[in-house]
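# Reading the structure
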There are 2 protein chains.
Amino acid sequence: MSTETVPRWRRLEPDERREQILTCAIRLFGERPYAAVSTSDVAREAGVARGLINHYFGSKRGLYLEVVRRMVMVSDHNLPRPEGSMRQKVESVVDWLLEAISAHGKTWVAVIGAEGVGDDPEVERILAEADERAAEYVVQVVGPGDIESHGEELRALIRAFGGMVKAAGREWITKQTLTREQVHLVLSRQLTHLIGDVFPQLRDDAS
Amino acid sequence: MSTETVPRWRRLEPDERREQILTCAIRLFGERPYAAVSTSDVAREAGVARGLINHYFGSKRGLYLEVVRRMVMVSDHNLPRPEGSMRQKVESVVDWLLEAISAHGKTWVAVIGAEGVGDDPEVERILAEADERAAEYVVQVVGPGDIESHGEELRALIRAFGGMVKAAGREWITKQTLTREQVHLVLSRQLTHLIGDVFPQLRDDAS
DNA sequence: CGAATAATTGACAATATGTCAATACGGCGT
DNA sequence: ACGCCGTATTGACATATTGTCAATTATTCG
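As the structure is a prediction and not an experimental result, all values here were calculated from the model.

## Overview of the overall build of chain A
Counting its regular elements, chain A contains nine helices and zero strands. Each helix (α) and strand (β) of chain A, taken in turn from the N terminus, gives the series α-α-α-α-α-α-α-α-α. The long-range fraction of contacts in chain A, counting pairs at least 24 apart against all pairs at least 6 apart in sequence, stands at 63%.

Below is the structure:
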């Protein structure tokens, strides 16, 4: 006769439990808009009590912010530092950008997709930081050597270019109106033109 | 002795009341994220009972969608049809884009600002339609005459370019890292390059 | 001036979120 | 093996928010 008492719930390490809840939250927030996902949904999905979510993330908003952070975070490691001609470097950078996009795939689209009205300052900050990092990397690789001055303008240009990268990514991934090769061509050419022609003129005008 | 009975509330025409509520909603949703705006807030702001919001817009989400629509809607009227050289036409189109942006100002930024994770299909649809209209207009003005074929690719390119327009707009309006003149220069040059050099090559490659 | 119409209200029910004391899992020492 | 203890986890409670709808009242029309 089995006197084994089966535990009603498993006790996990905080980091572990946090991660598990976060995984479920990422999926649900990726499928439905914020308001359509209740903390009960997340709790049920994770198989835990709803209160545990508040214990680990404070509030629903806290959980949401963590999801956003996790989704846009890019590991600073193994960032390639391509060498060679400008053309080669540009193509490498664009390749890296597209790779980052396809890696996240559908999830990525949900992240950068416009929810519409109502910009949450904190969300804004997280996304802005991710954009800034990507821009910084691009500048490091394909930027001209002499950016002691007007470096801020250059980064601003690259961030603006980043908007085109995202939009082109949507055309490729979700709308499928462009192939990856086409997107690669367009972004490479545009970036080359931006760095080689537009930025110099902008710099000269400002002098 | 005044026997005048002052009415507790004014009775407005449905269109009028709808508009009034919508105005308040636009302001509030522009200031705070969706979840941080309660229908009670909107009702209080408009000086009406909360139930009236549901009467006119069905649900909070319905009100929100209406706000989004109103914010991204561009009147199809008085769209300029600039003539002249390609350079002039491009500059006119870019001017129009920037004008549309500055008209809405801060509000506009909130609209196209990424809320983060969780793409509402309906919101997505509204924004996509607005983008499509803008792209169509740009193609009509600065597109090459012979777009009987590859017109879809061209519109896709312009929509991608639209992403850069928005991002550049943010740099100008909110971050103030670029001036309007600088943004104008960048977008004009990039659009010219896109239409004149990139698209032809893309078309030839696909032939 | 009185009745009809419809805009508007306010109360009610259902659902979602945040809080916290009580509970029970599981490691640790004996 | 066994019981103790730290703490991960629960579950109930209080509050806030949303949607519904019959009752109310401002306004129009004869």
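## Description of the protein's contact with DNA strand C
Around DNA strand C, the structure places 23 residues, and the nearest of them are Ser 38, Asn 54 and Ser 59 of chain A together with Ala 49 and Gly 51 of chain B. Of all the elements in the fold, those that place two or more residues in the surface near DNA strand C are helix H2 (39–46), helix H3 (50–57) and helix H4 (60–72) of chain A together with helix H1 (14–31) and helix H3 (50–57) of chain B. With three residues, the single largest contributor to the surface near DNA strand C is H3 of chain B. In terms of residue class, the surface near DNA strand C is made up of eight nonpolar, eight polar and seven charged.

## Description of the interface of chain A and chain B
Listed as interface residues are 49 residues of chain A and, on the opposing side, 50 residues of chain B. Among the elements that take part in the side of chain A that touches chain B, helix H8 (residues 151–173) of chain A stands out by supplying 14 residues, more than any other. Tallied by class, the residues present in the side of chain A that touches chain B amount to 27 nonpolar, ten polar and twelve charged.

## Notes on the environment of Tyr 64 of chain B
Relative to the helices and strands, Tyr 64 of chain B is located in helix H4 (residues 60–72). Expressed as a C-alpha distance, the spacing of Tyr 64 of chain B and Leu 98 of chain B, which sit 34 residues apart in the sequence, is 25 Å.

## Considerations on the relation of the copies chain A and chain B
When chain A is fitted to chain B, the residual RMSD is 0.3 Å, and the transformation amounts to a turn of 180° plus an axial shift of 0.0 Å. Given the turn and translation reported, the copies of this chain are related as if by a two-fold rotation axis. Here 100% of the interface residues in chain A have copies in chain B that are interface residues too; the copies meet face to matching face.

## Thoughts on the domain arrangement of chain A
The parts lose accessible area when they come together, and the size of an interface is often stated as this lost area. Taken domain by domain, chain A holds domain 1 (3–70) and domain 2 (73–206). With centres defined by C-alpha atoms, the gap from domain 1 of chain A to domain 2 of chain A works out at 33 Å.

## Section: the packing of H4 of chain B against helix H7 (residues 121–142) of chain B
All names here are of chain B. Relative orientation of the contacting elements H4 and H7 amounts to 10°, with a least axis distance of 10 Å. Here H4 lies roughly parallel to H7, going by the angle between them. Between H4, through Leu 65, Val 68, Arg 69 and Val 72, and H7, the contact on the second element is made entirely by Glu 122, Val 123, Ile 126, Leu 127 and Ala 130.

## Quick look at the protein's contact with DNA strand D
Around DNA strand D, the surrounding shell holds 23 residues, and the nearest of these are Ala 49 and Gly 51 of chain A together with Pro 7, Ser 38 and Ser 59 of chain B. Ranked by residue count, the leading element in the surface near DNA strand D is H3 of chain A, at three residues. For the surface near DNA strand D, a count of residues per class yields eight nonpolar, eight polar and seven charged.

## Let's talk about the environment of Gly 143 of chain B
Residues and elements named next belong to chain B. The residue Gly 143 is located in the loop between H7 and helix H8 (151–173) in this model. Sequence separation of Gly 143 and Leu 154 is eleven residues, and the distance between their C-alpha atoms is 8.3 Å. With near-sequence residues (within four places) excluded, Gly 143 lies in contact with Leu 154 and Ile 195.

## A look at H7 of chain B
Given 3.6 residues per turn, any residue in an α-helix points the same way as the ones three and four places further on. All names here are of chain B. Between its first and last C-alpha, H7 extends 31 Å over 22 residues, near the 32 Å set by a 1.5 Å rise per residue. If you check which residues of H7 are buried, you get Val 123, Ile 126, Leu 127, Asp 131, Ala 134, Ala 135, Val 138 and Val 142. Taken around the axis of H7, the buried residues stretch over an arc of 165°, which confines them to a single face. Pointing more than 90 degrees away from the buried face of H7 are the exposed residues Pro 121, Arg 125 and Gln 140.

## Concerning unusual backbone geometry
Its identity as a non-glycine residue notwithstanding, Gln 176 of chain A has a phi of 55°, on the positive side. Mapped onto the secondary structure, Gln 176 of chain A falls in the loop between H8 and helix H9 (180–206).

## A look at the nonpolar core
Leu 157, Phe 161 and Ala 168 of chain A together with Leu 157, Phe 161 and Ala 168 of chain B are the most contacted members of the largest nonpolar core, which has 61 residues in total. Elements that contribute at least two residues to this core include exactly helix H5 (86–104), helix H7 (121–142), H8 and H9 of chain A together with helix H5 (86–104), H7, H8 and helix H9 (180–206) of chain B. Not counting residues within four places of it along the chain, the set of residues in contact with Ala 168 of chain B comprises Ala 160 of chain A together with Leu 178, Val 183, Val 186 and Leu 187 of chain B. Counting 42 residues, the second-largest nonpolar core is a separate cluster that includes Ile 21 and Ala 25 of chain A together with Val 42 and Tyr 64 of chain B.

## Regarding the packing of H8 of chain A against H9 of chain A
Residue and element names in this part refer to chain A. H9 packs onto H8 with a crossing angle of 165° between their chain directions and a minimal axis gap of 11 Å. With respect to H9, the element H8 is oriented roughly antiparallel. Considering the relative orientation of H8 and H9, their crossing is right-handed. Between H8 and H9, the contacting residues are Glu 153, Leu 154, Leu 157, Phe 161, Met 164, Val 165, Ala 168, Glu 171 and Trp 172 on the first element and Arg 180, Val 183, Val 186, Leu 187, Gln 190, Leu 191, Leu 194, Phe 199 and Leu 202 on the second. Of the residues contributing to the contact of H8 with H9, the split by class is 14 nonpolar, one polar and three charged.

Thresholds applied
Residues numbered from 1 in each chain as written. Chains lettered and ligands numbered in written order. Predicted model: local features only at pLDDT ≥ 70, side-chain atom pairs only at ≥ 80, totals over all residues. Helix = DSSP H or I, 4+ residues; strand = E, 2+ residues; numbered from the N terminus. Contact = placed C-beta atoms within 7 Å. Near = placed C-beta within 6 Å. Nonpolar A, V, L, I, M, F, W, Y, C, P; charged D, E, K, R; others polar. Least-squares fit on C-alpha atoms with pLDDT ≥ 70 in both. Domains from an automatic or database assignment. Axes fitted to C-alpha atoms, helices over the stretch in contact; angles between N-to-C directions. Parallel < 35°, antiparallel > 145°, perpendicular 65-115°, else oblique. Expected span 1.5 Å × (residues − 1). Buried ≥ 20, exposed ≤ 12 C-beta atoms within 10 Å, placed from the backbone. Arc of directions from axis to C-beta. Core = buried A, V, L, I, M, F, W, Y, C linked by C-beta atoms within 7 Å. Left-handed = near helix turned anticlockwise from the far one by under 90°.

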